[in-house]
Amino acid sequence: MLGVFAAGVGAGAINAVVGSGTLVTFPVLLATGLSPLTATVSNALGLVPGAISGAIGYRRELSGQGRRVRRLGIGSALGGIAGATLLLALPAEAFETIVPTLVGLALVLVALQPVIGKKVRGRRRHQERPARRDGGWPLFTGLTLASVYGGYFAAAQGIIYMSLMGLLLDEPLQRLNAVKNVLVAIVNTVAATFFLFVADFDWTAVGLIAVGSALGGQLGAATGRRFSPVVLRSLIVVIGTVALVQLLLR
């Protein structure tokens, strides 16, 4: 129980700053003897308070982004429901083959975001076409698809969100991180709500992760906003690389 609680705290903090907290809690739940499906759905529900806590912790950076969050939140909710449905309908191998590829691509995009973003913005200025504040349909579509994956497993979904928004929105990373926390909270909530009606939970695990992740979300928000863009981007790449290695070795 102490191990599950500690994993919840760590996952909540990591999710608030970067993402990939599931890669902390999921192995711990498996080690307690839960089946992969029960561990996945229990983890999804337990991390909801942490996601909400992280979003509240970044509320200052959300100022002026209400319209953007509402629009992208619709796609995230639809994707989350679709991913949760796929978890119960498809064999595990169907998504596990593509998950490492998605995480690896997201890491490359995050690492190269300053260079690629600069070129994209330069091309828009050359064409005299101002960037849309909500990223347009490319961002909406990309985040919706990423949310399908998030509703299915959730590991590194925050990294994928950050890579997409970093390319298509001209905003500081901390403001993008605030949006990411809200979208993750939406996906976790809709997926967990769906699971409530169709899956079996280990409620002890849910409670321990819920309390731990809520505390961790506040800790992550308090420390994460102090990071410079370079440090935050480096942290995303490092944690994402660890996540990728763990996924490849599973």
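Above this note sits the structure.
This report concerns the structure included in the present document. Throughout this document, residue positions are counted from 1 along each chain, in the order its sequence is written. Two thresholds apply to this predicted model, a pLDDT of at least 70 for residue-level local features and 80 or more for giving and counting side-chain atom pairs, whereas whole-chain, interface and lining totals are computed over all residues. Water and hydrogen atoms play no part in the side-chain values, which are based on all heavy atoms of the structure.

### Structural notes on the packing of helix α4 (residues 48–57) against helix α11 (residues 203–224)
Test applied: Fitting a line to C-alpha atoms yields each axis, with helices limited to the stretch in contact; the angle taken between N-to-C directions then spans 0 to 180 degrees. Numbering of helices and strands runs from the N terminus, with a helix taken as a DSSP run of H or I at least four residues long and a strand as a DSSP run of E at least two residues long. Roughly parallel refers to an angle under 35 degrees, roughly antiparallel to one over 145, roughly perpendicular to one between 65 and 115, and oblique to any angle outside these ranges. Here is the rule for handedness: rotate from the far helix to the near one, and if that takes an anticlockwise turn smaller than a right angle the crossing is left-handed, while a clockwise turn gives right-handed. Only heavy atoms enter the contact rule, under which two residues are in contact if any of them lie within 4.5 Å.
The contact between α4 and α11 brings their axes to 7 Å, and the two run at 20°. In terms of axis orientation, α4 runs roughly parallel to α11. As for the relative orientation of α4 and α11, their crossing is right-handed in sense. Across the interface between the two elements, Pro49, Gly50, Ser53, Gly54, Ile56 and Gly57 from α4 touch Ala210, Ser213, Ala214, Gly217, Gln218 and Ala221 from α11.

### Digging into empty space enclosed by the protein
So the rule is basically this: Cavities and pockets are found on a 1 Å grid laid over the protein atoms alone: a cavity is a set of points where a 1.4 Å probe fits but cannot escape, a pocket is an open set with protein on both sides within 12 Å along at least five of seven lines, and a lining residue has an atom within 4 Å of such a point. Grid points are joined across faces, edges and corners, and a volume is the space filled by probe spheres set on the points. When residue character is reported, Ala, Val, Leu, Ile, Met, Phe, Trp, Tyr, Cys and Pro are called nonpolar, Asp, Glu, Lys and Arg charged, and the others, Gly included, polar.
Considering all chains together, one arrives at 2 cavities of 30 Å³ or more under this definition. As a volume, the largest cavity reaches approximately 170 Å³. Surrounding the largest cavity, 22 residues form its lining, Thr22, Phe153, Ala154, Gln157 and Asn188 being those nearest its centre. Those elements that provide at least two residues to the lining of the largest cavity are α3 (36–46), α8 (136–152), α9 (157–168) and α10 (173–198). Sorting elements by how many residues they give to the lining of the largest cavity places α10 first, with 4 residues. Classifying every residue of the lining of the largest cavity gives 10 nonpolar, 12 polar and no charged. The volume enclosed by the second largest cavity comes to roughly 40 Å³. Taken together, Asn15, Ala16, Gly50, Ala51, Gly54, Lys180, Asn181 and Val184 form the lining of the second largest cavity. Looking at the lining of the second largest cavity, the elements that each hand over two or more residues are α1 (2–17), α4 and α10.

### Regarding the side chain of Thr22
Selection rule: Relative accessibility decides the category of a residue: with a 1.4 Å probe and only protein chains considered, values under 20% of the type maximum give buried, values over 50% give exposed, and everything between is partly exposed. N or O atoms within 3.5 Å of each other form a polar contact, as long as, within protein, one can give a hydrogen and the other can take it, and as long as residues adjacent in sequence are counted only when both atoms are side-chain atoms.
Topologically, Thr22 is positioned in helix α2 (residues 22–31). You can call Thr22 buried: its relative accessible area is 4%. Reaching out from Thr22, the side chain makes a polar contact with the side chain of Asn43 at a distance of 3.3 Å.

### Comments concerning the pattern of salt bridges
It is possible for side chains bearing opposite charge to pair when their charged atoms get close. Spelled out, the test is: By definition, a salt bridge exists where a carboxyl oxygen of Asp or Glu is found within 4 Å of a side-chain nitrogen of Lys or Arg.
Under the counting rule described, the total for this entry stands at 3 salt bridges. A salt bridge links Glu61 to Arg60; its shortest N-O distance comes to 3.7 Å. For Arg60, a relative accessible area of 58% puts it in the exposed group. A salt bridge links Arg68 to Glu171, with the nearest nitrogen and oxygen atoms 3.2 Å apart. Here Arg68 is found in helix α5 (residues 66–89), whereas its partner Glu171 is found in the loop between α9 and α10, with 103 residues between them in sequence.

### Here we look at the packing of α1 against α11
The contact between α1 and α11 brings their axes to 6 Å, and the two run at 40°. Here α1 lies oblique to α11, going by the angle between them. Of the two elements, α1 crosses α11, and the hand of that crossing is right-handed. Residues that form the contact of α1 with α11 fall into these classes: 13 nonpolar, 9 polar and no charged.

### Details of a nonpolar patch on the surface
Put simply, the test is: Each patch is built from salt-bridge-free residues with over 30% relative accessible area, joining like charges within 9 Å and nonpolar side chains (Val, Leu, Ile, Met, Phe, Trp, Tyr) within 5 Å. The accessible surface values rely on the Shrake-Rupley method and a 1.4 Å probe; as for residues, cover is taken only from the protein chains in view.
On the surface, Leu37, Leu88, Leu196, Phe197, Val198 and Trp203 cluster together into a nonpolar patch covering about 640 Å² of accessible area. Take the nonpolar patch: its biggest share by element is 3 residues, from α10. Looking at where Phe197 falls in the secondary structure, it is placed in helix α10.

### Examining α3
Across the 11 residues of α3, 9 count as buried, placing the element largely inside the fold. Residues Thr38, Ala39, Thr40, Val41, Ser42, Asn43, Ala44, Leu45 and Gly46 constitute the buried set of α3.

### Brief notes about the environment of Ala84
With respect to the helices and strands, the residue Ala84 is situated in helix α5. For Ala84 and Val187, which are 103 residues apart along the polypeptide, the C-alpha to C-alpha distance reads 9.4 Å.

### Describing the nonpolar core
Note that soluble globular proteins tend to have their nonpolar side chains buried in a common cluster. For the record, the criterion: Among buried residues, the Ala, Val, Leu, Ile, Met, Phe, Trp, Tyr and Cys ones that are joined through side-chain atoms within 4.5 Å form a nonpolar core.
Core analysis: the largest hydrophobic core is formed by 53 residues, its most contacted members being Leu29, Leu139, Leu143, Tyr161, Met165, Val179 and Phe195. Sorting elements by how many residues they give to this core places α10 first, with 12 residues. Setting aside anything within four residues of it in sequence, one finds Tyr161 in contact with Ser76, Leu143, Ala146, Ser147, Lys180, Leu183, Val184 and Val187.

### Quick look at the environment of Ala11
Checked against the element boundaries, Ala11 lands in helix α1. A residue is classified by how much of its surface remains accessible, and Ala11, at 0% relative accessible area, is buried. With 40 residues separating them in the primary sequence, Ala11 and Ala51 have C-alpha atoms 9.7 Å apart. Not counting residues within four places of it along the chain, the set of residues in contact with Ala11 comprises Gly21, Thr25 and Leu47.

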